[in-house]
Amino acid sequence: MVDEHAGRVPDWLIVCHDGGLDVPGAVVLAGASTRTRASLFAALAAVLALPAYLGDTWDALSDVLRDRLDAGPLTVLITDAGQLLTDEPTDQYGLLIAVLGDLATSAPHPLRVILDEAAPS
């Protein structure tokens, strides 16, 4: 069976190169401060007021983000996204996208992630 959607960016994920985006209601993370998994988790915990028991696994992140999505829609804008998880093995980026994709397709409220890959000015 051939996957007709292979190579397409899913609807919940937006990748742009514009820089200076203003997305009303979005929580904003700087890619420069999310170069490791620990720093990504800490940044998400700070901007979303996630519970202290978050932990440091992808499953734990999925659980607390699902709880957050029970409360309403969420848009996350990551600026200079080219730096996201760059100090981690490459599979970590794929795991993040898999976690977010699962949430986006199964959570009760919409999740939208915007990766703005514009270089900081």
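- In the annotation of an unreviewed UniProt entry, the entry for the protein reads RNAse (Barnase) inhibitor barstar, and the organism field reads Micromonospora ureilytica.

## Considerations on the pairing of strand β2 (residues 27-30)
- Where burial is concerned, the two faces of β2 differ: the one with V27 and L29 is buried and the one with V28 and A30 is not.
- Strand direction decides the pairing type here: β2 and strand β3 (residues 74-79), joined by 4 bridges, are parallel. When the sheet's bridge partners are listed, V27 is paired in β3 with V76.

## Things to note about a negative patch on the surface
- On the surface, D59, D63, D67 and D70 cluster together to form a negatively charged patch.
- Tracing the backbone shows D67 in helix α2 (residues 58-71).

## Overview of the packing of helix α1 (residues 37-48) against α2
- Contact geometry for α1 and α2: axes closest at 12 Å, N-to-C directions at 15°. Put simply, α1 runs roughly parallel to α2. Helix-helix and strand crossings are classified by hand; for α1 and α2 the assignment is left-handed. Of the residues in α2, those touching α1 at R37, L40, F41, L44 and L48 are W58, L61, L65 and R68.
- Counted by class, the contact of α1 with α2 contains 7 nonpolar, no polar and 2 charged residues.

What counts and how
- Residues numbered from 1 in each chain as written.
- Predicted model: local features only at pLDDT ≥ 70, side-chain atom pairs only at ≥ 80, totals over all residues.
- Heavy atoms only, no water.
- Buried < 20%, exposed > 50% of the residue type's maximum accessible area, 1.4 Å probe, protein only.
- Helix = DSSP H or I, 4+ residues; strand = E, 2+ residues; numbered from the N terminus.
- Pairing = 2+ DSSP bridges.
- Patch = residues over 30% accessible without salt bridge, like charges linked within 9 Å, V, L, I, M, F, W, Y side chains within 5 Å.
- Areas by Shrake-Rupley, 256 points an atom, 1.4 Å probe, with all protein chains shown as cover.
- Salt bridge = Lys/Arg side-chain N within 4 Å of Asp/Glu carboxyl O.
- Lys, Arg positive; Asp, Glu negative; His and termini not counted.
- Charge placed at Lys NZ, Arg CZ, Asp CG, Glu CD.
- Axes fitted to C-alpha atoms, helices over the stretch in contact; angles between N-to-C directions.
- Parallel < 35°, antiparallel > 145°, perpendicular 65-115°, else oblique.
- Left-handed = near helix turned anticlockwise from the far one by under 90°.
- Contact = heavy atoms within 4.5 Å.
- Nonpolar A, V, L, I, M, F, W, Y, C, P; charged D, E, K, R; others polar.

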